[in-house]
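Now for the letters of each chain:
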Amino acid sequence: MTLQESKRLRLLTLCMLYLAQGIPWGFVVFTLSTFLTEQGLSPEQTGKLVAISIVPWTFKWLWGPLIDGLGASSMGRRRPWILVAQAGMAGSILAMLSLEDLAASLGVLMTFVFVHNVFNSLQDVSVDALAVDLLSEEERGVANGLMFGSKYLGGAVGGAGLANLVGPLGMDTALAVQVT
């Protein structure tokens, strides 16, 4: 593999990780909130769900010192954190799948959404740290733009893409797709 190919692969990997962060955001903000409104929840209730999904992002600044201070393993300093974050994100979505009626279980659902976003914010900070480790200073500006664009693309997939699955295939399918 050439140096140029290696750089492209690193950037693609970082962008895919950001895409994975954006999908659940779009899902909660657009698909899930619309679904719950159609199930009879008030705009106030769905607004609380969206708001609770944002709260973990307000304390993501705490992750940096933790990741930097405890980042040593045979897999590298950042990858274990990313794997923990992805496992937590998958686990929280699997937990949502255990709920028979999302609208009737709003409090529990909000807890799962909160936990999911704790792990999503952990992944965000871990991937940023990995990007700083992997990319030269000259590469970081373009990479940051592409990564953030990937997160917005993930939001579109989570919003419009998964919303198109809910009608014909059900909410469980939209949740299961996020785990895969």
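The following paragraphs examine the structure supplied in this document.

Cut-offs used in this document
- Residues numbered from 1 in each chain as written.
- Predicted model: local features only at pLDDT ≥ 70, side-chain atom pairs only at ≥ 80, totals over all residues.
- Heavy atoms only, no water.
- Helix = DSSP H or I, 4+ residues; strand = E, 2+ residues; numbered from the N terminus.
- Rg over C-alpha atoms; globule rule 2.2 N^0.38 Å.
- Buried < 20%, exposed > 50% of the residue type's maximum accessible area, 1.4 Å probe, protein only.
- Contact = heavy atoms within 4.5 Å.
- Areas by Shrake-Rupley, 256 points an atom, 1.4 Å probe, with all protein chains shown as cover.
- Lys, Arg positive; Asp, Glu negative; His and termini not counted.
- Charge placed at Lys NZ, Arg CZ, Asp CG, Glu CD.
- Core = buried A, V, L, I, M, F, W, Y, C linked by side-chain atoms within 4.5 Å.
- Patch = residues over 30% accessible without salt bridge, like charges linked within 9 Å, V, L, I, M, F, W, Y side chains within 5 Å.
- Salt bridge = Lys/Arg side-chain N within 4 Å of Asp/Glu carboxyl O.
- Polar contact = N/O pair within 3.5 Å; in protein donor to acceptor, adjacent residues only side chain to side chain.

## Examining the overall build of the protein chain
Okay, step 1: Within the protein chain, the regular secondary structure consists of seven helices and zero strands.
Okay, step 2: Tracing the protein chain from N to C terminus, the helices and strands come up as α-α-α-α-α-α-α.
Okay, step 3: Whereas a compact globule of 180 residues would reach a radius of gyration of roughly 16 Å, the protein chain reaches 17 Å, a difference of no more than 12%.
Okay, step 4: Principal axes of the C-alpha set define a box for the protein chain whose edges measure 55 × 30 × 25 Å.
Okay, step 5: Among the 180 residues that make up the protein chain, the fraction classed as buried is 42%.
Okay, step 6: Put simply, of all contacts in the protein chain between residues at least 6 apart along the chain, 77% involve residues at least 24 apart.
Okay, step 7: If you sum the accessible surface of the protein chain, you get close to 9,300 Å²; carbon and sulfur atoms cover 66% of it.
Okay, step 8: With 10 positive and 13 negative side-chain charges, the protein chain shows a separation of 10 Å between the mean positions of the two kinds.

## Section: the nonpolar core
Okay, step 1: One finds Phe27, Leu32, Leu36, Leu49, Leu102, Leu109 and Met171 to be the most contacted residues of the largest nonpolar core, which totals 25 residues.
Okay, step 2: At the level of secondary structure, the elements contributing two or more residues to this core comprise helix 1 (3-38), helix 4 (79-97), helix 5 (106-134), helix 6 (137-169) and helix 7 (171-179).
Okay, step 3: In terms of residue count, the dominant contributor to this core is helix 1 (seven residues).
Okay, step 4: By size, the runner-up hydrophobic cluster in this structure holds 11 residues, among which are Leu14, Tyr18, Val127 and Ala131.

## A look at a nonpolar patch on the surface
Okay, step 1: A grouping of Met1, Leu9, Leu12 and Met16 is seen on the molecular surface, where their side chains present a nonpolar patch of about 450 Å² in accessible area.
Okay, step 2: Along the chain, the position of Met1 falls in the segment before helix 1.

## Notes on the side chain of Ser92
Okay, step 1: As for its placement among the helices and strands, Ser92 is situated in helix 4.
Okay, step 2: Overall, the relative accessible area of 5% leaves Ser92 in the buried class.
Okay, step 3: A distance of 2.8 Å separates a polar atom in the side chain of Ser92 from a polar atom in the side chain of His116.
Okay, step 4: Among all residues touching Ser92, those that are not within four sequence positions of it are Phe112, Val115 and His116.

## As for the pattern of salt bridges
Okay, step 1: Tallied over the entire structure, the rule returns five salt bridges.
Okay, step 2: Glu139 is the partner of Lys7 in a salt bridge, and the nearest nitrogen-oxygen pair spans 3.9 Å. Taken together, the residues Lys7 in helix 1 and Glu139 in helix 6 connect sequence positions 132 residues apart.
Okay, step 3: You can call Lys7 partly exposed: its relative accessible area is 29%.
Okay, step 4: In this structure, Arg78 engages Asp133 in a salt bridge whose closest nitrogen and oxygen atoms are separated by 2.8 Å. Within this pair, whereas Arg78 is found in the loop between helix 3 (63-69) and helix 4, its partner Asp133 is found in helix 5, the two being separated by 55 residues in sequence.
Okay, step 5: Salt bridges sharing common partners tie together Lys60, Asp124 and Lys151.

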